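Fold and geometry: a report
What follows is the residue order along each chain.
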Amino acid sequence: AQSVTQLDSQVPVFEEAPVELRCNYSSSVSVYLFWYVQYPNQGLQLLLKYLSGSTLVKGINGFEAEFNKSQTSFHLRKPSVHISDTAEYFCAVSDAGKSTFGDGTTLTVKP
Amino acid sequence: DAGVTQSPTHLIKTRGQQVTLRCSPISGHKSVSWYQQVLGQGPQFIFQYYEKEERGRGNFPDRFSARQFPNYSSELNVNALLLGDSALYLCASSLVAGNNQPQHFGDGTRLSIL
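One structure accompanies this document, and this report is about it. (Residues numbered from 1 in each chain as written. Chains lettered and ligands numbered in written order. Predicted model: local features only at pLDDT ≥ 70, side-chain atom pairs only at ≥ 80, totals over all residues. Heavy atoms only, no water.)

Quick look at the overall build of chain A
The following threshold applies: Secondary structure elements are defined from DSSP: runs of H or I of at least 4 residues count as helices, runs of E of at least 2 residues count as strands, and each element is numbered from the N terminus. Partly exposed describes any residue whose relative accessible area lies between the buried limit of under 20% and the exposed limit of over 50%, with all areas from a 1.4 Å probe on protein chains only and scaled to the type maximum. The contact rule is simple, with two residues in contact once any of their heavy atoms fall within 4.5 Å. To measure how exposed things are, a 1.4 Å probe is used in the Shrake-Rupley method; for residues, cover is taken only from the protein chains shown. Here Asp and Glu are counted as negative and Lys and Arg as positive; His is not counted, and neither are the chain ends. We put the charge of a Lys on NZ, of an Arg on CZ, of an Asp on CG and of a Glu on CD.
In terms of regular secondary structure, chain A is built from zero helices and 12 strands. Counting only C-alpha atoms, chain A reaches 45 × 30 × 20 Å along its principal axes. When the 111 residues of chain A are sorted by exposure, 45% land in the buried category. For chain A, long-range pairs separated by at least 24 residues make up 54% of all intrachain contacts whose partners lie at least 6 apart in sequence. Within the structure as shown, chain A displays about 5,300 Å² of accessible surface, and the carbon and sulfur contribution to it stands at 50%. Taken together, the 8 basic and 10 acidic charged side chains of chain A have centroids lying 5 Å from each other.

Some remarks on the overall build of chain B
Definition in use: Each radius of gyration is computed over the set of C-alpha atoms, and the globule rule expresses the reference value as 2.2 Å times the number of residues to the power 0.38.
Looking only at helices and strands, chain B features zero helices and 11 strands. Mapped from its N terminus to its C terminus, chain B presents α and β elements in the order β-β-β-β-β-β-β-β-β-β-β. Taking 114 residues into account, the globule formula puts the C-alpha radius of gyration at 13 Å, and chain B, at 13 Å, falls close to it. For chain B, the C-alpha atoms occupy an extent of roughly 35 × 25 × 25 Å along the three principal directions.

Quick notes on the sheet that holds strand β8 (residues 74-78) of chain B
All names here are of chain B. To keep it simple, the criterion reads: Paired strands are those between which DSSP finds at least two bridges. Axis lines are fitted to C-alpha atoms, over the contacting stretch for helices. Their N-to-C directions set the angle, which ranges from 0 to 180 degrees.
With respect to topology, four strands assemble into an open sheet ordered β1-β3-β8-β7, the strand pairing being antiparallel. Strands at the two margins of the open sheet, each flanked by one partner only, are β1 (5-7) and β7 (64-68). On average, each strand axis in the sheet is tilted by 15° relative to the strand beside it, whichever way the strands run. For strand β3 (residues 19-24) and β8, the ladder comprises five bridges, and the chain directions are antiparallel. Bridge pairing in β8 links C23 to S74.

Considerations on the layout of surface pockets
Put simply, the test is: Only protein atoms enter the 1 Å grid used here, on which a cavity is any set of points holding a 1.4 Å probe that cannot leave and a pocket is any open set flanked by protein within 12 Å on both sides along at least five of seven lines; residues with an atom within 4 Å of a point are listed as lining. Grid points are joined across faces, edges and corners, and a volume is the space filled by probe spheres set on the points. Nonpolar residues are Ala, Val, Leu, Ile, Met, Phe, Trp, Tyr, Cys and Pro. Charged residues are Asp, Glu, Lys and Arg, and all others, Gly as well, are polar.
Of the pockets and cavities examined, the largest pocket occupies roughly 530 Å³. Forming the walls of the largest pocket are 26 residues, and the residues nearest its centre are A:Q38, A:P40, A:N41, B:L88 and B:R110. If you tally residues by element for the lining of the largest pocket, the top one is strand β10 (residues 87-95) of chain A, at three residues. Among the residues forming the lining of the largest pocket, the class breakdown is eight nonpolar, 14 polar and four charged. Taken as a whole, the second largest pocket spans an internal volume of roughly 240 Å³. Every residue lining the second largest pocket is counted, 14 residues in all, and those nearest its centre are A:K98, A:S99, A:T100, B:Q44 and B:F45. Of all elements in the fold, only β1 (3-6) and β11 (98-101) of chain A together with β5 (44-50) of chain B reach the threshold of two or more residues within the lining of the second largest pocket.

Observations concerning the pattern of salt bridges
How we decide: Salt bridges are defined as contacts in which a side-chain nitrogen from Lys or Arg sits within 4 Å of a carboxyl oxygen from Asp or Glu.
For the coordinates displayed, the defined rule picks out 10 salt bridges over all chains. Put simply, A:R77 and A:E66 hold a salt bridge, and the shortest N to O gap is 3.4 Å. Of this pair, A:R77 sits in strand β9 (residues 73-78) while A:E66 sits in strand β8 (residues 64-68); the two residues are 11 residues apart in sequence, bridging distant segments of the chain. The salt bridge partner of B:E75 is B:R67, with a shortest N-O separation of 3.3 Å. Owing to a relative accessible area of 44%, B:R67 belongs among the partly exposed residues under this scheme. Through salt bridges with shared partners, a single ionic network connects A:E20, A:E66 and A:R77.

Printed below as a string of C-alpha cells:
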C-alpha cells in the first residue's frame, strides 16, 4: 500500500527566504510523485511532477523538487518565497489507479 | 479553455438525506476522479472513472456511488448522509486513466451536514 508523510504541518518563513517542504513516501511499485498547491476556497493546482528521468524536477512559480529513491523522499524547494506563496501544499503518490495525498503543509510567508 | 467545473459550490443537508454532486471535466479528458477533503487533511480518494467504467474505488462505504456519462461528465451520490460526510468534495480530470497522469482539479463542492 502506498502512503505519503509530510513531515511539517506548518512552515512559517520570511519573504525572500528559501524554503523546503518535506515529503516522504512509500510505494510498492513504480513511483509517480506530484506536488500540488491549494489556495483558500479553491481546488488543487499542479506544481510539478516526477515520472521518470532526472531526479531534479522544475515546476511552476519557481518551485523545484528532488526525487531521492534511497531516502524515499520528494522534498519541495524554492530559493526565494513571496507573500503570494502562502498556501497549503500537498505531496501525492500515484499507484494502482489512485492518488494518495499527504495531510498537507501550510506555508505562511511573512513580510 | 474551461477547467474542471463542479456544481453546486456549496450545499447544506441534514442527516439521512441524499445528495448528488456534479462534475464536468476539461474538454478532451476521459478520466474523472472524486476525492473527499476533510478540514485539515489531504484529499482522500473515493472513485475513478474512465470511459464510463469504474477503474478504482477507495475505502468508502456503499453509501457512496458514482457514474460517468457518455460526455465524460460525472456524478457523485451519497445516501443516508452522516455528520462525518461534511467535507469539500473535489473532482479531478485527466486525459486518460494512468498513474503518470497529473490531475486537474475543480474548486470543489463544500457539503455541510446539519
